[in-house]
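The chain contents come next:
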4 protein chains.
Amino acid sequence: MKVSIIGATGYSGLELIRLIQQHSSVDIATLHSFSNQTNLLSNLYPHLKNLEASPLEKINPKDIIEKSETVFLATPSGISKDIALPYIDAGLNVIDLSGDFRLKNSQLYEKWYEKSAPLENYLMRAEYGLAEFRENKESTFIANPGCYATATLLGLAPLVKKQLIEPTSIIVDAKSGISGAGKVPSTSTHFTETNENMTLYKMNSHQHIPEIMQQLTKWDESIPAIQFSTSLIPITRGIFTTIYVRPKKPIAWEELHKLYESTYENAPFVRIQKENVYPTVKQVTASNYCDIGLAYNEITNVITIVSVIDNLVKGAAGQAIQNLNIMANFAENDGLGFIPVYP
Amino acid sequence: MKVSIIGATGYSGLELIRLIQQHSSVDIATLHSFSNQTNLLSNLYPHLKNLEASPLEKINPKDIIEKSETVFLATPSGISKDIALPYIDAGLNVIDLSGDFRLKNSQLYEKWYEKSAPLENYLMRAEYGLAEFRENKESTFIANPGCYATATLLGLAPLVKKQLIEPTSIIVDAKSGISGAGKVPSTSTHFTETNENMTLYKMNSHQHIPEIMQQLTKWDESIPAIQFSTSLIPITRGIFTTIYVRPKKPIAWEELHKLYESTYENAPFVRIQKENVYPTVKQVTASNYCDIGLAYNEITNVITIVSVIDNLVKGAAGQAIQNLNIMANFAENDGLGFIPVYP
Amino acid sequence: MKVSIIGATGYSGLELIRLIQQHSSVDIATLHSFSNQTNLLSNLYPHLKNLEASPLEKINPKDIIEKSETVFLATPSGISKDIALPYIDAGLNVIDLSGDFRLKNSQLYEKWYEKSAPLENYLMRAEYGLAEFRENKESTFIANPGCYATATLLGLAPLVKKQLIEPTSIIVDAKSGISGAGKVPSTSTHFTETNENMTLYKMNSHQHIPEIMQQLTKWDESIPAIQFSTSLIPITRGIFTTIYVRPKKPIAWEELHKLYESTYENAPFVRIQKENVYPTVKQVTASNYCDIGLAYNEITNVITIVSVIDNLVKGAAGQAIQNLNIMANFAENDGLGFIPVYP
Amino acid sequence: MKVSIIGATGYSGLELIRLIQQHSSVDIATLHSFSNQTNLLSNLYPHLKNLEASPLEKINPKDIIEKSETVFLATPSGISKDIALPYIDAGLNVIDLSGDFRLKNSQLYEKWYEKSAPLENYLMRAEYGLAEFRENKESTFIANPGCYATATLLGLAPLVKKQLIEPTSIIVDAKSGISGAGKVPSTSTHFTETNENMTLYKMNSHQHIPEIMQQLTKWDESIPAIQFSTSLIPITRGIFTTIYVRPKKPIAWEELHKLYESTYENAPFVRIQKENVYPTVKQVTASNYCDIGLAYNEITNVITIVSVIDNLVKGAAGQAIQNLNIMANFAENDGLGFIPVYP
């Protein structure tokens, strides 16, 4: 299968290239970037020197439609909603890694993203691509979930789907590595400001909140809201999510564990930890795994869920490939089956 | 005033030396270490090369009592409870940085520390030294609080003292730099395991939980328990505490802010941030400040409190000096009034 | 091909497992560790949770000889020289990642390693496995080079083989990430001591000096010695080598570049950078590449060579696989052809 | 003494504020910044919240001359050469932390800085302020040395002043933390690009080379050039310089050590290490020390000198205060006498 990547010079685009190289059935047809339209990608990124040919080409939809079956949009929010249309119209597989097509409610998009919403009829055709819980596995137009949303939803799904928790009790304390902020330098990603530091940002206002709510309420419509915090920690890759919920009734650890194990028994990338073991963010680095640890505190009646992913893989490019695999009937772990890089 | 430091080669001991050097009225009389009893401290720690004389001496209580008015015990938990006794008996000022004398309930000590408790009559004389809330400012025997406890209690005090929050709602997600684990190498402090990583440890079992509960229930005895998590982040110094509580009634931000400002109006080391500003851990590095940011989410009815300190200063040696200043009627910020090291 | 790994719980052993999983023709038969002989590897290293079976087995040479064609020894120096013998005798492929069989001169081994030398008749059969310059490609007993030696020798080879440089002029300033020190915690690998720090160690005494000299003098016997420094920088993986040499005659950059390009034209893992481009250590992370940048300063008549590798891959496990590929007539990049992990 | 700081929002300016607060005889009169002329400094930098008053004022020379005796210019190169003039004319003490007045040869300035040179008559009045080797201690106009230049010159001075080394043999491999690049974000200071990385930059073209040469040739005019490399390492503060030189005749370590000890016997901030001890960059963090370690390799006849400083203190603001102390007859270590922050 031939694919095109639009947004190839961003971190998610680079990661798509890295992963596709290991895929048995997918090849890159064309690479595109808004910022560099005529260079060799390997001139910008020397780690790619060995890519046989890596020209960045102008974005010519006709040309792309001719050469590719699938288009990955690794573009910032606000861009995809316009440039995706010709590929959808032409019936190509389209996987959008931005937030543009995730929210079914246009008003929510406009409120949280502060941009005009995508066209309704396209929006309706997008499938929210939380890979472990895809509703329509044949959908050819995927809104790939946000990184925080992926870690949070996979951590909450087993309990919420069974409606086992107090609807108002969800508190998510999420921490992200700096690569989540992308490749454009800013004060908040400046080494001297971020190293040896930790910063809470977007208090009660992160744009992944509505997509998490949209999915949670599909599973349990009684959930009215979540408390959700995001902080930056001085690592390059990784999301470490600590989730606190109160079960409606006390629950034994074994029961909790069994619930998670059974929910994910056919999910090759979700790994439930043993008792008293909590995942570290490093144990999934550069891989598509989501590792989940569980604790129940009977004194406070609080379940603590620790859910970790690599934000650029399971939180972006890896899940995008996984979604392609599902859609195209490739093995779900094709291109993704490697061991995390450790240490 | 002449002081002795027992445990001078640990990180808290080193920090005491650094701070005392800047104090206008305190001088070091003797330095002691269990691990090195005959060396020069500057041979072990080259950053101290300029200390005029830094011999490590054997711990001879008689000698220490003769030479010093104050003894700092920067020793691990389980040691202070025995070695502190002669100095208390002799009427010296004793400031213990370990956990040995913090818990008034011996059984709690034995449960959480897994060691036999200190002698009851000594335990009763110890004052829990949360400097901003000292009850007996003339006490000469101080149990200096734990680092997590300091950040958590200063963050919660204004609300809890006024009994404004739902007693069962306290969730503390605390993160610490690696220096909190001390200077003895282990797998959990190994660079290759901790760098680019984040790890949750001591789930529901950190030994600072009981001292936090002891203090909180003094302020509001209706609080039955707290949910308290501790994680390691890859920084050397600093504690970043995110605290979630539900107020009994909705509260305006201005009111919340005013409550904190008034609680701490005479506290030179607690700095309340403006609206929409949350402290970073780096803005207090190497200083005695505790910076606190506040948010209220009216959708979830959750107050988020961000409280940051340098674990070796406000969380250990700095608060110990502050306690000495209070006890000895020195200016509260003598030796501590410097600007944080930034960036 | 079935292989056994002895020393599977060290960082080089773990990296062998990661790489072999991607190899088209190699499978792991058995895993062994001195420190853990009966556990599952995935209990010790949760990133390996998905390895179908990962029992650590006792080291039983007869059993290993029966099950495997190749044995990797990822053991510390001083161990391999004894435990390797049965596999060599049995005619298995043996690839030793330690320093035991690198030095042909037993006295040098005893001087630099402070251990008794390996048996002479085994030592003589070992081939020094600098993969790009293997003399006997059919040798089945490989002494895999040290990480510093690999980066240094690949950086110097083109100039030294042509005897173009002043023999006394070689100065190597090498920097390593902390994983080079292995997984056993120590003060020099403690996070609080290494983070935000840089340390020069083993001044004029690093044990890789004699193997570098042994190889350099094969290429140019007039070289009497090198000046070689090693420092630790606060990164997990990577070696960054800055090499200064004086050419016998001034040399144009283009000529220098052409010399390197031609030397490595058939070497898939050595990538020579363009003019004014110097490799960063991150551009080879988790890959088998050695990237080399070149500069000539006509004012000082000094050539600066920057040579970077990932110490655990090209500097250990990756080169070991590459050596196996050469020996077994697999494609040289089988198991190694992936893109570096960036950022 | 009242002082004004122009460029108060840059890292050197912030460090001046931190150090002056600890000075017994110096107070800040006014603070100025080009980028923010009307804000409170504490709004931009929350670590300064406690500064009693920190308004940033417009740069009005008449006003500054009225209020201050001393002006610190913590401005980028190319700015100081113009804005310094009124304060010099008015007879104020002027300490310029930029490169503008360091080079006596205007043509060299124009070549290396690619800017038009300062006016000759002002340039001639500037004293190069390498504090340990000031020629005119009463000079009131100081060109404060560059950070690399400080570490390099203090490392080389004892040998070069005695003309003990081969003039063509000097090779300096210098590494810097990221704060040396200032506070303006760029790709080369982006966390994801710099963390877990090391990069060589400005190969043979760093603008500190000519000021080093200017000073070295004052001490030994036979030195024709130096080989000088600069690399970025992922730490915030610090310069780690490894210097290789060949002595004209073999030299015993004791003799070398004595030479350095005697050169710096009256220098409170230069600390010579013992045999086989090399300074780490962390042992001088946040302090004005320059720590120097020495080795002689009799096999290669190379002396290795390791010289470390904090680039923002001894390499900028600290040395500026030290120069003021010398000029104003304050104690040389006033405001600078504190212990490094460790760990």
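Structure: see above.
This is a predicted model, so every value here is computed, not measured.

Chemist: I'm lost on the overall build of chain A in this one. Help?
Modeler: Of regular secondary structure, chain A possesses twelve helices and 14 strands. In summary, chain A has a C-alpha radius of gyration of 20 Å against a globular reference of 20 Å for 343 residues, a match within 12%. Here chain A holds 343 residues, and 66% of them are scored as buried. Long-range contacts, defined as pairs at least 24 residues apart, comprise 70% of the intrachain contacts of chain A with a sequence gap of at least 6.

Chemist: Got a minute to help me understand the relation of the copies chain D and chain C in this structure?
Modeler: Two chain copies here: they are related by a rotation about an axis and a translation along the same axis. In screw terms, the move from chain D to chain C is a rotation of 180° and a rise of 0.0 Å along the axis, fitting with an RMSD of 0.0 Å. One copy is carried onto the other by what is essentially a two-fold rotation axis.

Chemist: Is there a simple way to think about the relation of the copies chain A and chain C in this case?
Modeler: It takes a turn of 180° to lay chain A on chain C, together with a shift of 0.0 Å along the axis; the resulting RMSD is 0.0 Å. The overlap is high: 100% of the interface residues of chain A also sit at the interface in chain C, so the same surface is used on both sides.

Chemist: When you look at the interface of chain D and chain C in this model, what are you seeing that I'm missing?
Modeler: Size of an interface, as often reported, equals the accessible area lost when the parts are brought together. Contacts between the two partners involve 44 residues from chain D, matched on the other side by 45 residues from chain C. Both sides of the chain D and chain C interface together cover about 3700 Å² of buried area, and 57% of this is carbon and sulfur. Of all residues in chain D, the largest losses of buried area upon contact with chain C belong to Glu196, Met198 and Tyr244 of chain D, amounting jointly to 17% of the total for that side. Here aspartate 173 of chain C ties to lysine 175 of chain D by a salt bridge, and the two come within 3.2 Å at their closest N and O atoms. At the boundary of chain D with chain C, the tally comes to 30 residue pairs in polar contact (both at pLDDT 80 or more). Put simply, the parts of the chain that give the side of chain D that touches chain C at least two residues each are strand 8 (171-176), helix 9 (191-194), strand 9 (199-201), strand 10 (227-232), strand 11 (239-245), strand 13 (290-297) and strand 14 (302-309) of chain D. Among the elements that make up the side of chain D that touches chain C, the one with the highest residue count is strand 8 of chain D (four residues). Grouping the amino acids of the side of chain D that touches chain C by side-chain chemistry returns 21 nonpolar, 16 polar and seven charged.

Chemist: So what exactly am I meant to see when it comes to the sheet that holds strand 9 (residues 199-201) of chain A here?
Modeler: What holds strands together in a sheet is hydrogen bonding between their backbones, with the strands either parallel or antiparallel. Residues and elements named next belong to chain A. Strand order in this open sheet of seven strands is 9-10-8-11-14-13-12, and the pairing throughout is mixed. The sheet is open, and its two borders are formed by strand 9 and strand 12 (270-272), each paired with just one other strand. Taking the axes of each pair of neighbouring strands and ignoring which way they run, one obtains an average angle of 20° across the sheet. Two elements, strand 11 (residues 239-245) and strand 14 (residues 302-309), share seven bridges in a ladder whose sense is antiparallel. Residue pairing across strands places threonine 242 opposite valine 306, the latter belonging to strand 14. Where helix 8 (residues 147-161) meets the sheet, its contacts fall on strand 8 (171-176), strand 9, strand 10 (227-232), strand 11, strand 12, strand 13 (290-297) and strand 14, and the angle it forms with strand 11 comes to roughly 35°.

Chemist: Could you clarify how one ought to interpret the pairing of strand 4 (residues 70-73) of chain D in this entry?
Modeler: Within a regular beta strand, the side chains point alternately toward one face of the sheet and then the other, so they alternate between its two faces. All names here are of chain D. Side chains of strand 4 alternate between two faces, with Thr70 and Phe72 and Val71 and Leu73 buried alike. Summarising the sheet, strand 1 (residues 2-6) and strand 4 pair through four bridges and their orientation is parallel. Paired with serine 4 across the strands is valine 71, a residue of strand 4.

Chemist: Explanation requested: the nonpolar core in the structure shown.
Modeler: One broad rule of soluble globular proteins: the nonpolar side chains tend to lie buried together. In terms of nonpolar packing, the biggest core is built from 94 residues, with Leu16, Ile17 and Phe72 of chain C together with Leu16, Ile17 and Phe72 of chain D touching the most fellow members. Those elements that place two or more of their residues in this core are strand 1 (2-6), helix 1 (11-20), strand 14 (302-309) and helix 12 (313-328) of chain C together with strand 1, helix 1 (11-20), strand 14 and helix 12 (313-328) of chain D. With residues near it in sequence (within four places) discarded, isoleucine 17 of chain D still touches Ile339 of chain B together with Ile5, Ala8, Ile28, Leu31, Leu41, Leu48 and Leu51 of chain D. Residues Val26 and Ala320 of chain A together with Ala74 and Ala320 of chain B belong to the second largest nonpolar core, which totals 93 residues.

Chemist: What should I look at first to understand the packing of aromatic side chains in this one?
Modeler: Two numbers describe a pair of aromatic rings. These are the distance of the centres and the angle of the planes. The full count for this structure, using the stated rule, is 30 aromatic pairs over all chains. Ring centres of phenylalanine 101 of chain D and phenylalanine 141 of chain D lie 4.8 Å apart, and the angle between their planes is 75°; on these two criteria the pair is classed as edge-to-face. Here phenylalanine 101 of chain D, found in the loop between strand 5 (93-96) and helix 6 (106-113), pairs with phenylalanine 141 of chain D, found in strand 7 (residues 141-143); they are 40 residues apart in sequence, far enough to count as distant. Here phenylalanine 141 of chain D falls in the buried class, since its relative accessible area comes to 4%. Here a set of aromatic residues connected by ring pairs shows up, and it is made of Phe133, Trp219 and Tyr264 of chain A.

Chemist: Got a minute to help me understand the pattern of salt bridges in this structure?
Modeler: Opposite charge on two side chains allows them to pair when their charged atoms are near. Under the defined criterion, the tally for this structure stands at 48 salt bridges over all chains. For the salt bridge of aspartate 63 of chain B with lysine 67 of chain B, the shortest nitrogen-to-oxygen distance reads 3.2 Å. Here the residue aspartate 63 of chain B and the residue lysine 67 of chain B both occupy positions in helix 3 (residues 61-67), the gap between them amounting to four residues, near one helical turn. With relative accessibility at 21%, the residue aspartate 63 of chain B sits in the partly exposed group. Connected through salt bridges with shared partners, the residues Glu15, Arg18, Arg237 and Asp310 of chain A form a single ionic network.

Chemist: Any chance you could explain the interface of chain A and chain C here in plain terms?
Modeler: Contact residues are listed per partner, giving 36 residues for chain A and 37 residues for chain C. Across the interface of chain A and chain C, roughly 3100 Å² is buried in total on both sides, 56% from carbon and sulfur atoms. Looking only at chain A, the three residues that lose the most surface to chain C are His47, Ile339 and Pro343 of chain A, adding up to 23% of its buried area. In this structure, the connection of chain A to chain C is made through zero salt bridges. On inspection of chain A and its partner chain C, the count reaches 18 residue pairs in polar contact (both at pLDDT 80 or more). At the level of secondary structure, the elements contributing two or more residues to the side of chain A that touches chain C comprise helix 1 (11-20) and strand 12 of chain A. A breakdown of the residues in the side of chain A that touches chain C according to their chemical character gives 18 nonpolar, ten polar and eight charged.

Chemist: Would you explain the sheet that holds strand 10 of chain D in this entry?
Modeler: Residues and elements named next belong to chain D. With mixed pairing, the seven strands of this open sheet are ordered in space as 9-10-8-11-14-13-12. Edge positions in the open sheet fall to strand 9 and strand 12 (270-272), since each of these has one partner strand only. Averaged over all adjacent pairs, the angle separating strand axes in this sheet is 20°, with direction ignored. Across six bridges, strand 8 lies against strand 11 in antiparallel orientation. Bridge assignment links isoleucine 171 to a residue of strand 11, and that residue is tyrosine 244. Strands strand 8, strand 9, strand 10, strand 11, strand 12, strand 13 and strand 14 of the sheet are contacted by helix 8 (residues 147-161), whose axis makes an angle of about 35° with strand 11.

Reading guide: rules and limits
Every chain begins its residue count from 1, and numbering advances along the sequence as written. Lettering of chains starts at A and numbering of ligands starts at 1, both following the order in which they are written. In view of the model being predicted, local features appear only for residues whose pLDDT reaches at least 70, and side-chain atom pairs are presented and counted only at 80 or more, with totals across whole chains, interfaces and linings using the full set of residues. Side-chain calculation: all heavy atoms of the structure are included, whereas hydrogens and water are not. Secondary structure follows DSSP: runs of H or I at least 4 residues long count as helices, runs of E at least 2 residues long count as strands, and numbering of each begins at the N terminus. The globule rule used for comparison is 2.2 Å times the number of residues to the exponent 0.38, while the radius of gyration itself is calculated over C-alpha atoms. Only protein chains enter the accessibility calculation, which uses a 1.4 Å probe; a residue is then buried when its area is under 20% of its type maximum, exposed when over 50%, and partly exposed in between. Contact definition: two residues touch when any of their heavy atoms are within 4.5 Å. For the least-squares superposition of copies, only C-alpha atoms count, and only for residues with pLDDT at least 70 in both. Two parts placed together each lose some accessible area under a 1.4 Å probe, and the buried area is that loss summed for both. Criterion for a salt bridge: a side-chain nitrogen of Lys or Arg within 4 Å of a carboxyl oxygen of Asp or Glu. For the purposes of these results, a polar contact is taken to be a pair of N or O atoms within 3.5 Å, where, inside protein, one atom must be able to donate a hydrogen and its partner to accept one; residues adjacent in sequence count only when each atom of the pair is a side-chain atom. Note on residue classes: Ala, Val, Leu, Ile, Met, Phe, Trp, Tyr, Cys and Pro are nonpolar, Asp, Glu, Lys and Arg are charged, and everything else, Gly too, is polar. Note: two strands are recorded as paired if DSSP finds a minimum of 2 bridges between them. Note on geometry: axes are C-alpha line fits, over the in-contact stretch for helices, and angles between N-to-C directions span 0 to 180 degrees. Residues belong to one nonpolar core when they are buried, are Ala, Val, Leu, Ile, Met, Phe, Trp, Tyr or Cys, and are joined through side-chain atoms within 4.5 Å. Any pair of Phe, Tyr and Trp rings, taking the six-membered ring for Trp, is counted once the centres come within 6.5 Å. Such a pair is stacked with planes under 30 degrees apart, edge-to-face with planes over 60 apart, and tilted for the rest.

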